[in-house]
Structure formats: C-alpha cells, structure tokens
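Fold and contact review
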Amino acid sequence: MAKKDTKHLASGTNEPEAGDRSRPIRMEQNPTFISPYGGSLVDLIVDAVKRKDIFDLASSLHSIQLTQRETCDLEMLATGAFSPLGTFMGREDFERVVGEMRLGDGTVFPIPVTLSVNSLENIATGRSIALRDSRNDLLAILDIEEIFEWDRHRLASEVFGTEDLRHPLVAETHRWGKYNLSGSLRVLKLPVYYDFNDLRLTPTQTRQRLAELGRRNVVAFQTRNPIHYAHEVMTQRAIEMTDGTLLLHPVVGMTKEGDIDYFTRVRTYRTVAQLAYEKGQVLLSLLPLAMRMAGPREAVWHAIIRRNYGANHLIVGRDHASPGVDSHGKPFYGPSEAQEMAQKFSDEIGVKILSFQEFAYLPDEERYEESGKIPAGGKTFSLSGTQIREDYLGRGNELPEWFTRPEVASILSAAYPPLHRQGVCIWFTGLSGSGKSTTAEILVSLLLEEGRQATVLDGDVVRTHLSKGLGFSRDDRDINVTRIGFVASEIVRHGGIAICAAVSPYRQSRNQVRLMFREGSFIEVFVDTPLDVCETRDAKGMYAKARRGEIKDFTGVDDVYEDPETPEITLETVERSAESNARAIVELLQAKGFLKLP
C-alpha cells in the first residue's frame, strides 16, 4: 500500500481548545461491537433447502415487476440493512413514519419504505404474489396481509417538506401506484451484480470485516460524490476523534439523476482508500441504497442504516442528502438542517453524529481547515460542485493540485470530457402550432454548421414509431413524454444532442424528464405562442376539429397546457422568426459551453 500523503491534511495541536471537535471523544467502552438497530439483524432470505419448493410455487403465482427503487429496498430489507423493519410498510407504520418519524411501535424511523401498485387485479389480502426485477428474475414472494391507499400530497409535504416537482422524489411519486401492499416476505435471492463484487458486503459481512480490524468505534462516511482532499481531511479527523475505523460507505443503488456514475465514483474511492489511509484504518464497502434526497430526515435514516452495518458514528456534513434547489432557485433544505435533525435523534438511535463545516484550503499554510476555524480575512481556496463541472471538467481544464489527488483527477477527466463533447437535451414545449418543429429543424442545421450532430425526436413522429397505440389521456400523454425523455437521455449519455419537440403540456411530466439528465444538460425551451395564433397556423385543422368536438382532450381547447415556470429560454414567435429563435438557442449553447465560441 502506498505511503499516506499528508501534504494537504489539516495540522493539529497537542492541546486542543475546549469544545474543539478534533479532541478525541471519550466513549464508554462497551464490551461488544455495537448491536444492530432494534437488537438483531432482520434476515428474510429463505433457507437453501426450502428454496426449490418455493421457486416451484412461485411459477403459478401472479407476478409484479419491481421498480429499481423497490428492488434496492427489497435487498436492504432482506439483508437487515433496514432493521428492525422486516417488510414493506403497512398502514400503521406508514402513517406514523410520515407524520411522526416513528414506526407503529414508536421506534424512530424517518423514511417510508413501500411497495405500490396501480391495479388490484389478481391482488388481494390472503394471496401471495411473486416479486420480480426488471429482467423478470424472481426475487421474492410477498404474502399479502394489507392493502391501503396513501396520500401523495401528505407524503410530499411532510417527508420531503415540499410539493415542488423539481424535487426528484416528489416528481417520482406521481408514477407510484395508488395502493401500497404489505405482508410477510420470503426472499429467494438477492439482485445479481457483475461489478465490484468484492466490495458488495451485506451488513453481516461488513460487521465481520470491521470486527477483524479490531476497533470498537466505527465512523461511517456517507457519500455519493468523488472524494477530494477536503473529504480526506474530514475523515482523517473523524478517525482521530473516535480512535476508530472508517467505514467508507458510498451509495451505489440510486442517487440523484445527473450525479457522477457510480462506476467512476467507486474507482476514485478505491484509489483514495489505498493512498490516503494507514493499513487497517478504512473499510470500503458499497451500499445498495435507493436515496430519497430527503435532507434532514435522510440523515437520520442514514444513521440507522449505518448502525446496522456496524458503525456507531456517522459523519454528517453540510447539505447532507440534498436534492439541490427548487424551481425558483432556492435550496430545498437549509445547509445545517440535516446535521441538527441527526443530532436531535442521535441518543435515541445510538449513533453519535460528527458534524463538520465546510473545509477550505489555506494556500499559505498548504492545509485544509473548517471555515469556522479560519481567521477573518484569511486567504482561502475552495471549489463548488458547479465550478468543478463547469470551469474544470466541462472545459477540459485540469483540476487544481490542491483540490484532489492527480489519480482522482485523471479518473474524472477520462469519464467526463469537455462540455463541447458532452451531450445535451433541448426540449421544446408549447401548444400545437406554436413553432416547435420548425425551430427545431432550423436548429439542427445550425448545429451541423458548428460540427455537432443532433437527433430530432418530434412528438408526431414518435407517436408513429415509438408510441403507436397511445391515446391522448393524461396517463398516455405522460407515457409518451417519458418515452421521449428516456430515448433522449440515452442519446445524451453517449455524447449526442437530442432535440425533442413535443407539446408535453404538464409540468410534472416535464420535470420528471428533466430529472433523467445530469444537472445542466437539460434545456427547456418554452415556445410561447398565443392560442389564437396557433389556431391560425393550423394547416391540419386539428383545432377546428377539437372545437367541433371531433377530437377530445385537445391541448388548449378542452385540456390544459401548463406553462413552464422556470424554462432555460422562452421564445416569442409572433415578432421573431423561427431562424432568429434557433440562433438564440445556439447562443445559449455557446454560453453554457456545449458549443465552442466562434
């Protein structure tokens, strides 16, 4: 193992001042490793001897296909990571968790874990159903004991603190089923992975590895981002404070769409684990959690989960589990809210919370320090996530040597080329006849002139080839928009430009599509043309047919169009030509870095 690099670590003193968090925490020395939350780990995996008979039984059962989130939740339930929770929540647990952050028996548990369906066909209490993953592999059998309806608005306002559709989970709940199912689970196998299998440790396996390292205290570090020098300083300080082992425990289940992919992140974690810590100081293990981006509540949840994996300390930094900003540019949660809520429940959960402020680099001293400990007026360097993406990775510039290890910088640079070689989605929305398709066609020519290729996904064409058979009900419209968004996200993921031109009348479905893309790579273009102008341009006579009642649910006539609240650009089409509007989009792409400036 490479020798530890201490160049950018914060310096310490022999006698820290009273209240200094760098002082070692004096803990009561428990005779045993910390117990799981609730006393023991839940284990839902069926004994191998019984498994064959249950597989045979499952072949005759009605099946439902789990979403990626439900699949992650099933794995966490099965292995005991959600202990003492042993199944998808029934009504009593669900209602108390939403309203009070407690299970039905009063145990602190802040996040609902549910399994939902839209239809109750072949589903009833007293029946058993098979649970399958996206590949239709059989994972478990649920013996249904309870079916109940739930309130989407209450869940959003109480658990996430908002009904703003820019919150990824608030938007996602609109796709969840109307009914929640609960009952006994018999898990036949865990989801199959082919990557990083040496790092995919269950709670039991993680506890065994930690016990072998020989320290009672374990401090967990929750992360969904690459680790840079500031994180190294924070974790090194936490190790010293607790005289413990660091459980480096990154989330690889579901994070926020647009986060750096976990393959790239895990490669950086491996590198840092090898270079930054002494032998036996750190255990790297992957967490198959589907995050909720619930800020304060999620911090409490993460503490519970990490206790089940063997940690009795958790590092909670600023903006923990934050989804970013709302549709008006305001943060969903205050920067210290998560730290405060985690501290509030720390004693009851049995996990000590280590709260740190932001760390900044002091160039004159070549070290990092917490912002609250830096004298006023002191010279500091720091980089935000936006700066990293836009000013460095996005422009092909090397990350500063004071910011991150060169090995980490190399991994990130290889995975994230400059913005002018990255993909972007340009999403035209507006009434039928507003000028979306015409402007999109001109834009393609201008992009080709700039040396970039683009794929057009026009609403009418998509309905012919990708969404044939769908009608114009709200559900069918949402399905159509989601399909366009999925195809566009794959184009963008592989470095292409996707130009989508669809009425897409509902804010909720447009926001869901936005969340499929990395932050900054979705540009909503509102083609703001008055309805009467659209009707005069209607060569096909669709508006006239809708006015006569020959077409039902026609947007602008007998169905609503919801204007975007905060589009990246709004186009006026009465006084401005389609060409000038297309050129305005080109200028926006140049300003954002997706096209090189002339």
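Each remark here, short or long, concerns the structure printed above.
Residues numbered from 1 in each chain as written. Predicted model: local features only at pLDDT ≥ 70, side-chain atom pairs only at ≥ 80, totals over all residues. Heavy atoms only, no water.

**Some points on the overall build of the chain**
- Broken down by element type, the chain carries 19 helices and 17 strands.
- A compact globule built from 598 residues would reach a C-alpha radius of gyration of about 25 Å, and the chain, at 26 Å, matches this within 12%.
- Across its three principal axes, the chain shows a C-alpha extent of roughly 80 × 70 × 40 Å.
- Sorting the 598 residues of the chain into buried and exposed places 54% on the buried side. (Helix = DSSP H or I, 4+ residues; strand = E, 2+ residues; numbered from the N terminus. Rg over C-alpha atoms; globule rule 2.2 N^0.38 Å. Buried < 20%, exposed > 50% of the residue type's maximum accessible area, 1.4 Å probe, protein only.)

**Digging into the packing of helix α3 (residues 91–100) against helix α4 (residues 152–160)**
- For the pair α3 and α4, the least separation of the axes is 8 Å and the interaxial angle reads 45°. With respect to each other, α3 and α4 are oriented oblique. Listed contacts from α4 to F94, E95, V98 and G99 of α3 are R154, L155, E158 and V159.
- Tallied by class, residues from the contact of α3 with α4 come to 4 nonpolar, 1 polar and 3 charged. (Axes fitted to C-alpha atoms, helices over the stretch in contact; angles between N-to-C directions. Parallel < 35°, antiparallel > 145°, perpendicular 65-115°, else oblique. Contact = heavy atoms within 4.5 Å. Nonpolar A, V, L, I, M, F, W, Y, C, P; charged D, E, K, R; others polar.)

**Focus: the sheet that holds strand β10 (residues 352–355)**
- If you trace the 5 strands from one edge of the open sheet to the other, you get β8-β7-β6-β9-β10, paired in parallel fashion. At either end of the open sheet lies a strand with only one pairing partner, and these are β8 (282–284) and β10. Between one strand axis and the next, the sheet turns through 25° on average, direction left out of account.
- Pairing of strand β6 (residues 218–223) with strand β7 (residues 245–250), which is carried by 6 bridges, proceeds in the parallel orientation. Within β7, the position partnered with T223 by the bridge is P250. (Pairing = 2+ DSSP bridges.)

**Considerations on the sheet that holds strand β4 (residues 138–149)**
- The strand order β1-β3-β4-β5-β2 describes an open sheet built from 5 strands, whose pairing is mixed. Two strands close off the open sheet at either side, each with one partner strand: β1 (63–65) and β2 (115–117). When strand polarity is set aside, the average angle formed by the axes of neighbouring strands in this sheet is 45°.
- Where strand β3 (residues 128–132) and β4 come together, 5 bridges link them in antiparallel fashion. When the sheet's bridge partners are listed, I129 is paired in β4 with L142.
- Contacts between helix α1 (residues 48–58) and the sheet are confined to β3, β4 and β5 (179–187), with β4 contributing the most and set at about 60° to the helix.
- This element, α3, spans β4 and β5 of the sheet and lies at about 75° to β4.

**With respect to α3**
- For α3, the set of buried residues is F94, V97 and V98. All buried residues of α3 lie within an arc of 95° about the axis, which places them on one face of the element.
- M101 sits one or two residues past α3 and shows a positive phi near 65°. (Arc of directions from axis to C-beta.)

**Observations regarding the pairing of β10**
- Across 4 bridges, the pairing between strand β9 (residues 313–316) and β10 is parallel. Paired with V316 across the strands is S355, a residue of β10.
- Each parallel crossover has a hand, and the one from β9 via helix α10 (residues 337–349) to β10 is right-handed. (Right-handed = clockwise from strand over helix to strand, strands pointing away.)

**Points about the nonpolar core**
- Ranked by size, the top nonpolar core spans 77 residues in total, and within it F82, F109, L131, L289 and I349 carry the most contacts.
- For this core, the element with the most residues is helix α9 (residues 296–308), which contributes 6 residues.
- Counting residues in each nonpolar core, the second largest holds 42 residues, with M241, Y269, Y368 and L412 among its members. (Core = buried A, V, L, I, M, F, W, Y, C linked by side-chain atoms within 4.5 Å.)

**Let's talk about the pairing of β6**
- Taking burial as the measure, the 6 residues of β6 include 6 buried ones, the bulk of the element.
- Residues of β6 alternate between two faces, with V218, A220 and Q222 on one and V219, F221 and T223 on the opposite face, all of them buried.
- Each parallel crossover has a hand, and for β6 linked through helix α7 (residues 229–242) to β7 it is right-handed.
- Pairing between β6 and β9: 3 bridges, direction parallel. Looking at β9, one finds that V219 is bridged to H313.

**Brief notes about the packing of aromatic side chains**
- For the coordinates displayed, the defined rule picks out 17 aromatic pairs.
- Plain terms: the ring middles of Y361 and F381 are 6.4 Å apart, the flat faces sit at 40° to each other, and that makes the pair tilted. Of this pair, Y361 sits in strand β11 (residues 359–362) while F381 sits in the loop between β12 (367–370) and α11 (385–392), placing them 20 residues apart in sequence.
- We classify Y361 as buried; its relative accessible area is 5%.
- Consider the rings of Y543 and F554, whose centres lie 4.9 Å apart with planes at 80°: the pair is edge-to-face. Highlighted residues: Y543 in helix α18 (residues 542–547) and F554 in the loop between α18 and β17 (569–572), separated in sequence by 11 residues.
- Given the relative accessible area of 1%, Y543 is considered buried.
- A network of ring pairs unites the aromatic residues Y361, Y368, F381, W402 and F403 as a single cluster.
- Above the face of the Y193 ring, R200 is positioned so that its terminal group lies 3.8 Å from the ring centre.
- Taking the ring centre of Y506 as reference, the NZ or CZ of R474 above it sits at 3.8 Å. (Phe/Tyr/Trp six-rings, centres within 6.5 Å; stacked < 30°, edge-to-face > 60°. Lys NZ or Arg CZ within 6 Å of the ring centre and 35° of its normal.)

**Quick word on helix α2 (residues 68–79)**
- In a regular helix each residue adds 1.5 Å, so 12 residues correspond to 16 Å; α2 covers 17 Å between its end C-alpha atoms and thus fits that length.
- Counting buried positions over the 12 residues of α2 gives 11, a clear majority of the element.
- For α2, every residue scored as buried is listed here: R69, E70, T71, C72, D73, L74, E75, M76, L77, A78 and T79.
- G80 sits one or two residues past α2 and shows a positive phi near 95°. (Expected span 1.5 Å × (residues − 1).)

**Things to note about the environment of A578**
- For A578, the position within the fold is in helix α19 (residues 578–592).
- Once you skip the residues sitting within four places of it in the chain, A578 turns out to touch T438, T439 and I442.

**Section: the side chain of T264**
- Structurally, T264 can be placed in helix α8 (residues 262–276).
- Its relative accessible area of 5% is what places T264 among the buried residues.
- The contact partners of T264, leaving out residues within four places of it in the chain, are I411, L412, A415 and Y416.

**Details of the pattern of salt bridges**
- Scanning the entire structure with this criterion turns up 28 salt bridges.
- Here E100 and R96 are joined by a salt bridge, their closest N and O atoms 2.9 Å apart. Here E100 and its partner R96 are both found in helix α3, 4 residues apart, which amounts to about one turn of the helix.
- Taking the shortest distance from any N to any O, the salt bridge between R154 and E158 comes out at 3.0 Å. Highlighted residues: R154 and E158, both in helix α4, separated by 4 residues, approximately one helical turn.
- Salt bridges linked by common partners bring R237, E365, R367, E369, E370 and K373 together as one network. (Salt bridge = Lys/Arg side-chain N within 4 Å of Asp/Glu carboxyl O.)

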